[in-house]
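The residues making up each chain are set out below.
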Amino acid sequence: PVTPTAPDYVSWIVGTNFVDLFWDVIPGMDYEIRCGTEENLESAKISVTVTAAELAETSYYRLTGLQPDTLYCIWIKTINPATGKESVFSNPVIIRTEAYSPPPPPTGFGVSTAPDGVTQNSIAYVWVSRPGYTYILEFADNSSFTGARRFEVTADTYRVASLISNRRYYARLYARDNETTLI
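Residues numbered from 1 in each chain as written. Predicted model: local features only at pLDDT ≥ 70, side-chain atom pairs only at ≥ 80, totals over all residues. Heavy atoms only, no water.

### What about the side chain of Thr-134?
Basically, it comes down to this: Secondary structure elements are defined from DSSP: runs of H or I of at least 4 residues count as helices, runs of E of at least 2 residues count as strands, and each element is numbered from the N terminus. The cut-offs for exposure are 20% and 50% of the maximum accessible area for each residue type, with area from a 1.4 Å probe on protein chains only; residues under the lower value are buried, those over the upper are exposed, and the others partly exposed. Pairing of N or O atoms within 3.5 Å defines a polar contact, subject to two protein rules: one partner must be a possible hydrogen donor and the other a possible acceptor, and residues neighboring in sequence count only if both atoms are side-chain atoms. Residue contacts are defined here by distance: any two heavy atoms, one from each residue, within 4.5 Å place the two residues in contact.
The topology assignment puts Thr-134 in strand E10 (residues 133-140). For Thr-134, a relative accessible area of 8% puts it in the buried group. Side chain to side chain, Thr-134 and Asn-178 meet in a polar contact 2.6 Å long. Beyond its immediate sequence surroundings of up to four residues, Thr-134 is in contact with Glu-152, Val-153, Thr-154, Tyr-174, Ala-175, Arg-176 and Asn-178.

Written out as C-alpha cells, the structure reads:
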C-alpha cells in the first residue's frame with residue numbers, strides 16, 4: 001500500500017470568492033483541505049474532503065465560499081482511503097482573495113436610431129447589455145442632474161416618456177453588478 005505524503009508544491013489562482021488549488025495528485029488518494037484566516041490549523045473554519053474520484057477528471061480543486069480581499073491560510077493532507085492512513089498537513093499556503101472591483105462602464109450608450117427613437121414626448125435609449133448587471137439610467141432636464149429621475153433596467157433599452165417637446169434633456173447610464181451591488 002502507498003504511504004500518503006502531504007503535497008510539497010501547491011500553486012493557486014485566486015478570485016474574489018474562491019481559490020483554485022493545484023498540486024501533484026497521487027492517484028487513488030483522497031485529500032483534506034483546511035482553510036482559515038489565521039495561521040493556526042486548529043482555528044481553520046473551512047474543512048473539505050476531496051475524493052480521488054473528484055480529482056480524476058481535473059487538475060485542480062476550487063475552494064469556494066471565501067470573502068473578497070481577505071488573507072487565508074490553506075493546508076492540505078493526503079488520505080489513503082484503502083488503509084485509512086493519513087499524512088501530516090502540508091505547510092500553509094497563504095493567499096489573498098481579490099477585492100471586488102466595480103463593473104466596467106456601459107458601452108454603446110446613446111439615443112436609439114430606430115424611427116421611433118425620438119418622438120414628440122419620448123426618447124428611447126440603447127446600450128450594450130451584459131449578463132449579471134442592472135443598469136441605472138439617470139434622466140434630467142439640467143446638466144447637474146438636480147432632481148433627476150432614476151430608472152433601474154435589466155434590458156438593453158429604455159424609453160423615457162411624458163417629456164415636453166423642444167426641451168433639452170440629459171441622460172447618463174451606470175452599470176451595477178448584481179452580485180456585489182457595486183456601481
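### Section: the environment of Phe-139
Tracing the backbone shows Phe-139 in strand E10. The buried category is assigned to Phe-139, whose relative accessible area is 3%. A C-alpha to C-alpha distance of 6.5 Å links Phe-139 and Arg-150, two positions 11 residues apart in sequence. Discounting chain neighbours no more than four positions away, the residues touching Phe-139 are Ile-123, Tyr-125, Phe-145, Ala-148, Arg-149, Phe-151, Val-160, Leu-163, Tyr-169, Tyr-170 and Ala-171.

### Some details on the packing of aromatic side chains
Counted only if it meets this: The criterion for an aromatic pair is that two Phe, Tyr or Trp rings (for Trp, the six-membered ring) have centres within 6.5 Å, with stacked assigned to planes under 30 degrees apart, edge-to-face to planes over 60 apart and tilted to the rest.
Tallied over the full model, the rule gives eight aromatic pairs. With 5.2 Å between their ring centres and 65° between their planes, Trp-23 and Tyr-31 make a pair best called edge-to-face. Residue class for Trp-23 comes out buried when judged on its relative accessible area of 7%. Measuring from centroid to centroid gives 6.1 Å for Tyr-125 and Phe-139, while their planes differ by 65°, and the two rings are edge-to-face.

### Some details on the sheet that holds strand E9 (residues 123-128)
Formally: At least two bridges found by DSSP between two strands are what make those strands a pair. Fitting a line to C-alpha atoms yields each axis, with helices limited to the stretch in contact; the angle taken between N-to-C directions then spans 0 to 180 degrees.
On the basis of which strands lie adjacent, the open sheet formed by three strands has the order E8-E9-E12 and antiparallel pairing. Only two strands of the sheet have a single partner each, and these edge strands are strand E8 (107-111) and strand E12 (157-160). Direction aside, the axes of adjacent strands within the sheet are offset by 15° on average. The pairing of E8 with E9 spans three bridges and is classified as antiparallel. Pairing of Gly-110 across the sheet is with Val-126, part of E9.

### A short note on unusual backbone geometry
Positioned with a positive phi, Phe-145 is a non-glycine residue whose angle comes to about 60°. By the secondary structure assignment, Phe-145 is in the loop between E10 and strand E11 (149-153). The class for Phe-145 is buried, based on a relative accessible area of 13%.

### Regarding the sheet that holds strand E1 (residues 10-14)
Spatial ordering of the open sheet is given by E1-E2-E5, a layout of three strands whose pairing is antiparallel. Looking at which strands have only one partner, the edges of the open sheet turn out to be E1 and strand E5 (61-64). For this sheet the average axis-to-axis angle between neighbouring strands, irrespective of direction, equals 25°. In terms of strand pairing, E1 meets strand E2 (residues 18-23) through five bridges, oriented antiparallel. In the sheet register, Trp-12 faces E2, and the bridge partner there is Leu-21.

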